[in-house]
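Chain by chain, the residues run as shown.
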Amino acid sequence: MNNEAFVNLIKKHSRDFTIDWAEGDNSGVTKEAQDWQSNLSIQEKAFLREIVTEALDNGIVNLLEIMDGVHPDNSCPIEASAGNNRISGQGCKQLHDLYAGKIEQVEACSPFGLDLRQ
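Right, let's walk through the structure included here. Bear in mind that the values here come from a model prediction, so they are computed numbers and not experimental data.

With respect to the environment of L63
Along the chain, the position of L63 falls in helix α3 (residues 42–68). Among the residues examined, L63 registers a relative accessible area of 47% and is labelled partly exposed. The spatial distance from the C-alpha of L63 to the C-alpha of L95 is 9.5 Å, given a sequence separation of 32 residues.

Written as structure tokens, this is what we have:
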């Protein structure tokens, strides 16, 4: 696995999975929380999706900046590899930039057809 495949894996199985989980079958939370979520209006669900998505993206970018050595609290790149392929470290493409490119490709509009910029 190279760093591009690693970032795709993070986007699909961390970010996208968590967004889908928050909107649907969110096993592991109380029945009260599930009832609350299922009773939200379409607009409220769109706002929840926006908040969850932004929170996830901020957290993942911060983690990848730490790995890349460009975070204010860590200036030393973390060397990581999968098999014989280097994923991060000196001389590798910056993971946070690769991830940002993946999420910029995601459509900016609400999945419910609402314009949230109002």
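That shown, we press on.
Quick look at the packing of helix α1 (residues 3–23) against α3
α3 packs onto α1 with a crossing angle of 150° between their chain directions and a minimal axis gap of 10 Å. It follows from the interaxial angle that α1 and α3 lie roughly antiparallel. Crossing of α1 over α3 shows right-handed handedness. Where α1 approaches α3, its residues F6, I10, S14, R15, T18, I19, A22 and E23 are matched on the opposing element by L48, R49, V52, T53, L56, D57, I60, L64 and M67. Residue classes in the contact of α1 with α3 are distributed as ten nonpolar, three polar and four charged.

Considering the nonpolar core
Counting residues in each nonpolar core, the largest one holds 13 residues, and the members touching the most others are F6, I10, L64, L95 and Y99. Elements that contribute at least two residues to this core include exactly α1, α3 and α4 (95–104). If near-sequence neighbours (up to four positions away) are discounted, Y99 is found in contact with V7, I10, K11, R15, D57, I60, V61 and L64.

Notes on the side chain of H96
The residue H96 is located in helix α4 in this model. Residue class for H96 comes out buried when judged on its relative accessible area of 14%. Side chain to side chain, H96 and D97 meet in a polar contact 3.3 Å long. Contacts of H96, omitting those with residues within four sequence positions, involve V61, L64, E65, D68 and V70.

What counts and what doesn't
Residues numbered from 1 in each chain as written. Predicted model: local features only at pLDDT ≥ 70, side-chain atom pairs only at ≥ 80, totals over all residues. Heavy atoms only, no water. Helix = DSSP H or I, 4+ residues; strand = E, 2+ residues; numbered from the N terminus. Buried < 20%, exposed > 50% of the residue type's maximum accessible area, 1.4 Å probe, protein only. Axes fitted to C-alpha atoms, helices over the stretch in contact; angles between N-to-C directions. Parallel < 35°, antiparallel > 145°, perpendicular 65-115°, else oblique. Left-handed = near helix turned anticlockwise from the far one by under 90°. Contact = heavy atoms within 4.5 Å. Nonpolar A, V, L, I, M, F, W, Y, C, P; charged D, E, K, R; others polar. Core = buried A, V, L, I, M, F, W, Y, C linked by side-chain atoms within 4.5 Å. Polar contact = N/O pair within 3.5 Å; in protein donor to acceptor, adjacent residues only side chain to side chain.

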